[in-house]
Amino acid sequence: MPKLKTKKAAAKRFKMTGTGKIKYPRANRQHILGKKSPKRKMKLRKAGIADATNEAAVRQMMPYA
């Protein structure tokens with residue numbers, strides 16, 4: 001069976017944790033930060049964990065992660 005290719009767009013956006021969960025950086029932290037509260041910006045610093053409904057799709061895009 002041939003090797004599977006990793007979708008590079010997904011590889012740049014998602015990382016796997018040690019326990020096998022999928023981690024990603026949160027959106028809305030790039031620009032227009034003046035109107036966002038410090039509390040909201042602080043919460044956007046933390047990485048998000050992918051939902052179970054999307055997990056299978058991400059794993060398929062990154063077969064060797």
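See the structure above.
For clarity, every value in this text was computed on a predicted model and none was experimentally measured. (Residues numbered from 1 in each chain as written. Predicted model: local features only at pLDDT ≥ 70, side-chain atom pairs only at ≥ 80, totals over all residues. Heavy atoms only, no water.)

### Observations concerning the pattern of salt bridges
Side-chain pairs of opposite charge can arise whenever the charged atoms involved come near each other. Applying the stated criterion to the full structure yields one salt bridge. For Glu55, the salt bridge goes to Arg59, with nearest N and O atoms at 2.9 Å. Taken as a pair, Glu55 and Arg59 lie in helix H3 (residues 52-61) at a separation of four residues, close to a single helical turn. Here Glu55 falls in the partly exposed class, since its relative accessible area comes to 23%. (Salt bridge = Lys/Arg side-chain N within 4 Å of Asp/Glu carboxyl O. Helix = DSSP H or I, 4+ residues; strand = E, 2+ residues; numbered from the N terminus. Buried < 20%, exposed > 50% of the residue type's maximum accessible area, 1.4 Å probe, protein only.)

### Quick notes on unusual backbone geometry
Here the phi dihedral of Asn28 falls at roughly 70°; this positive angle occurs in a residue that is not glycine. Judged by relative accessible area, Asn28 falls into the partly exposed class, the value being 49%.

### Overview of the side chain of Lys36
Note that Lys36 resides in the loop between strand S2 (22-24) and helix H2 (38-45). Asp51 provides the closest opposite charge to the buried, salt-bridge-free Lys36, at an N-O distance of 23 Å. Within polar-contact distance, the side chain of Lys36 engages the backbone oxygen of Asn28 at 3.0 Å. In terms of polar contacts, Lys36 uses its side chain to reach the backbone carbonyl oxygen of His31, at 3.4 Å. The residues contacting Lys36, other than those within four sequence positions of it, are Asn28, His31 and Lys41. (Lys, Arg positive; Asp, Glu negative; His and termini not counted. Polar contact = N/O pair within 3.5 Å; in protein donor to acceptor, adjacent residues only side chain to side chain. Contact = heavy atoms within 4.5 Å.)

### Brief notes about the sheet that holds strand S3 (residues 48-49)
In spatial order, the strands read S1-S2-S3; together these three strands make up an open sheet with antiparallel pairing. With one partner strand each, in any of the chains shown, strand S1 (15-16) and S3 form the two edges of the open sheet. (Pairing = 2+ DSSP bridges.)

### Remarks on the environment of Arg26
Along the chain, Arg26 turns up in the loop between S2 and H2. On the accessibility criterion, Arg26 (39% relative accessible area) is partly exposed. A sequence separation of 10 residues divides Arg26 from Lys36, and the C-alpha atoms of the two residues are 14 Å apart.

### Quick notes on the nonpolar core
Counting six residues, the largest nonpolar core is built from Ala10, Phe14, Ile22, Ala50, Val58 and Met62. The residues contacting Met62, other than those within four sequence positions of it, are Thr6, Ala10, Ala11, Phe14 and Met16. (Core = buried A, V, L, I, M, F, W, Y, C linked by side-chain atoms within 4.5 Å.)

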